[in-house]
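In case you want the letters, here they are:
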Amino acid sequence: MNFDLTDDQKAIQRLARDFARNEVRPRAEEMDRDESFPYELVAQMAELGFMGLPFPEAYGGAGADTVSYALAVMEIARIDASTAITMAAHISLGASPFYLFGTEEQKQRYLVPLAQGKMLWGFGLTEPNAGSDAGNVQTKAQLRDGSWIVNGTKAFITNSGTTITGGTTITAVTGTRADGKPEISNLVMPQDTPGFTRSKKYKKMGWRASDTRELSFVDAKVPEGNLLGERGEGLSQFLKILDGGRISVAALSVGLAMGAYDEALQYAQDRVAFGKPISKFQAIAFKLVDMLTEIEHAKLMVLKAAWEKDEGREFEQTASLAKLYSGEVSRRVVNEAVQIHGGYGFMDEYPVSRMYRDQKINEIGEGTNEVQRLVLARMMGL
């Protein structure tokens, strides 16, 4: 077993770390406070190649592997989760469906500018009554005279309403299967589609600089060719998309935990009580040891899932395990980081306050912890 990163992977990790520390850190508190979308940072990430990191150069990407992508997400999330999820959701949910299931024409039309970072894209799966029960899609699309007529609502959709968003790919019921169950397909919905509207940004506890909205479709009309992949394959397609997305969220969770640990370690070394730094007290030192132990464990799980994906192996179980564990690790680590800060950790002037709020969604998005356990139990044949 070789745990060494390649030179290319190390270079991408360093590039992401420098970008996060030099460009993201000075703006993170203000973006969170003002709930302002990081347009300038997105443009910089596009210039650095981050917005298309794992896609082939032929489609405008950087041609990097999944391990490099996971490392980049970790380093950016280490400083700010909102910026990290903007990048991660753009790649794993926005652009990946086109790469995995799009026609060559769709790849040229959508994937290339997405990988170049010229525009963002959303993925509309979740609905008010279809979250963990993702197959309970209520949005409907009828084929009439060569066009899809779409009616329904999507909820909690990332990157769906910015000024550089090109559109959203959605799941919709397009008919009834032979067994009587709903036929679910994926449809490409450009932002300027008549009848397609977006609500104001949600007021969120965390990821406050990220763009998240509810989408509504009232007789929204798109051409028949806007079907993504095969008709009726929407369920299996988005399950495959979510498998890769779990690596993204797991990497984000690890990065967030790393950032909280960094802040706690620095504070513990600087804060003096009873005549010495509090890091010298066993109660604090043991907390830091336990935090680092869990972070390293979670990081290895994420990198293993990414490596398995790169090797063309089955990675679904590893990704699900990594997503479940890293989300819970981020909760425990951030909670301890706030505890080490004491009363200052409760103040928004300190990054751990933002990290504490940002963390919670890691146990909900891309499949709740409860759903992850259900999925894993089924994989284990239980």
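For the structure, see preceding data.
Residues numbered from 1 in each chain as written. Predicted model: local features only at pLDDT ≥ 70, side-chain atom pairs only at ≥ 80, totals over all residues. Heavy atoms only, no water.

(A) Summary view of the overall build of the protein chain. When helices and strands are tallied, the protein chain shows 10 helices and 10 strands. For 382 residues, the compact-globule estimate of 2.2 N^0.38 gives 21 Å, and the C-alpha radius of gyration of the protein chain, at 21 Å, lies within 12% of that figure. For the protein chain, the residues scored as buried account for 55% of the 382 residues in total. Taking contacts inside the protein chain between residues at least 6 apart in sequence as the whole, the part at least 24 apart equals 72%. As displayed, the protein chain has an accessible area near 17200 Å², and 52% of this comes from carbon and sulfur atoms. (Helix = DSSP H or I, 4+ residues; strand = E, 2+ residues; numbered from the N terminus. Rg over C-alpha atoms; globule rule 2.2 N^0.38 Å. Buried < 20%, exposed > 50% of the residue type's maximum accessible area, 1.4 Å probe, protein only. Contact = heavy atoms within 4.5 Å. Areas by Shrake-Rupley, 256 points an atom, 1.4 Å probe, with all protein chains shown as cover.)

(B) How the structure looks around helix H10 (residues 369-379). Buried residues of H10: Asn 369, Val 371, Gln 372 and Leu 376, and no others. Viewed along the axis of H10, the buried residues span an arc of 155°, placing them on a single side of the element. H10 presents Glu 370 and Arg 378 as exposed residues on the side facing more than 90 degrees away from its buried surface. Its buried side turned inward, H10 meets helix H6 (234-270) and helix H8 (316-341). At the exit of H10 stands Gly 381, carrying a positive phi of roughly 75°. (Arc of directions from axis to C-beta.)

(C) Representation of the pairing of strand S3 (residues 147-158) in the model. As paired elements, strand S2 (residues 140-144) and S3 share 5 bridges and run antiparallel to each other. From the neighbouring strand, Leu 143 faces S3, where its bridge partner is Trp 148. Counting the residues in the hairpin turn of S2 and S3 gives 2 residues, including Asp 145, whose phi is positive at 50°. Examined bridge by bridge, S3 and strand S7 (residues 212-223) share 9 bridges and lie antiparallel to one another. Note on S7: the bridge partner recorded for Val 150 is Ala 220. (Pairing = 2+ DSSP bridges.)

(D) Structural detail: the packing of helix H1 (residues 7-34) against helix H3 (residues 66-77). In contact at an axis separation of 8 Å, H1 and H3 are set at 20° when each is read in the N-to-C sense. Taken together, H1 and H3 sit at an angle that is classed as roughly parallel. Note that H1 runs across H3; the crossing there is right-handed. Contacts between H1 and H3 involve Gln 9, Ile 12, Gln 13, Ala 16, Arg 17, Phe 19 and Ala 20 from the former and Val 67, Ser 68, Leu 71, Ala 72, Glu 75 and Ile 76 from the latter. Residues belonging to the contact of H1 with H3 are distributed by class as follows: 8 nonpolar, 3 polar and 2 charged. (Axes fitted to C-alpha atoms, helices over the stretch in contact; angles between N-to-C directions. Parallel < 35°, antiparallel > 145°, perpendicular 65-115°, else oblique. Left-handed = near helix turned anticlockwise from the far one by under 90°. Nonpolar A, V, L, I, M, F, W, Y, C, P; charged D, E, K, R; others polar.)

(E) Structural context of the packing of aromatic side chains. Tallied over the entire structure, the rule returns 13 aromatic pairs. Centre to centre, the rings of Tyr 267 and Tyr 344 are 6.5 Å apart; their planes meet at 55°, and the pair counts as tilted. Here the residue Tyr 267 occupies a position in helix H6, and Tyr 344 occupies one in the loop between H8 and helix H9 (351-359), the gap between them amounting to 77 residues. The class of Tyr 267 is buried, set by a relative accessible area of 11%. Consider the rings of Tyr 344 and Tyr 350, whose centres lie 5.4 Å apart with planes at 45°: the pair is tilted. Exposure remark for Tyr 344: the relative accessible area of 44% places this residue in the partly exposed category. The class of Tyr 350 is partly exposed, set by a relative accessible area of 28%. One aromatic cluster is present, formed by Phe 55, Tyr 59 and Tyr 99 through successive ring pairs. Across from the ring centre of Phe 196, 4.5 Å away, lies the NZ or CZ of Arg 198, which sits over that ring. One Lys or Arg, Lys 276, reaches over the ring of Phe 281 and ends 4.7 Å from the middle of that ring. (Phe/Tyr/Trp six-rings, centres within 6.5 Å; stacked < 30°, edge-to-face > 60°. Lys NZ or Arg CZ within 6 Å of the ring centre and 35° of its normal.)

(F) View of the side chain of Ser 326. When you line up the elements, Ser 326 lands in helix H8. Only 3.5 Å separates the side chain of Ser 326 from the backbone oxygen of Ala 250, close enough to count as a polar contact. Ignoring any residue separated from it by four or fewer positions in sequence, one finds Ser 326 in contact with Ala 250, Ser 253, Val 254 and Ala 298. (Polar contact = N/O pair within 3.5 Å; in protein donor to acceptor, adjacent residues only side chain to side chain.)

(G) Up close: the layout of surface pockets. Estimated volume of the largest pocket: approximately 1300 Å³. Of all the secondary structure elements, the ones that give two or more residues to the lining of the largest pocket are helix H4 (81-101), strand S1 (120-124), S3, H6, H9 and H10. Grouping the amino acids of the lining of the largest pocket by side-chain chemistry returns 23 nonpolar, 14 polar and 10 charged. (1 Å grid on protein atoms, 1.4 Å probe; cavity = no way out; pocket = protein on both sides within 12 Å on 5 of 7 lines; lining within 4 Å. Points joined across faces, edges and corners; volume = space filled by probe spheres on them.)

(H) Region of the structure containing the packing of H6 against H8. Following both chains from N to C, one finds H6 and H8 inclined at 20°, their axes separated by 8 Å at the closest point. Looking at the two axes, H6 sits roughly parallel to H8. Taken as a pair, H6 and H8 cross one another with a handedness that is left-handed. Tallied by class, residues from the contact of H6 with H8 come to 17 nonpolar, 6 polar and 5 charged.

(I) View of H8. Compared with the 38 Å implied by 1.5 Å per residue over 26 residues, the 37 Å span of H8 between its first and last C-alpha is a close match. At the C-terminal side of H8, Gly 342 shows a positive phi close to 65°. (Expected span 1.5 Å × (residues − 1).)

(J) Geometry of unusual backbone geometry. Positive phi, close to 55°, is recorded for Glu 35, a residue that is not glycine. Summarising the element assignment, Glu 35 is placed in the loop between H1 and helix H2 (39-48). Its identity as a non-glycine residue notwithstanding, Trp 207 has a phi of 50°, on the positive side. By the secondary structure assignment, Trp 207 is in the loop between strand S6 (196-198) and S7. Exposure remark for Trp 207: the relative accessible area of 11% places this residue in the buried category.

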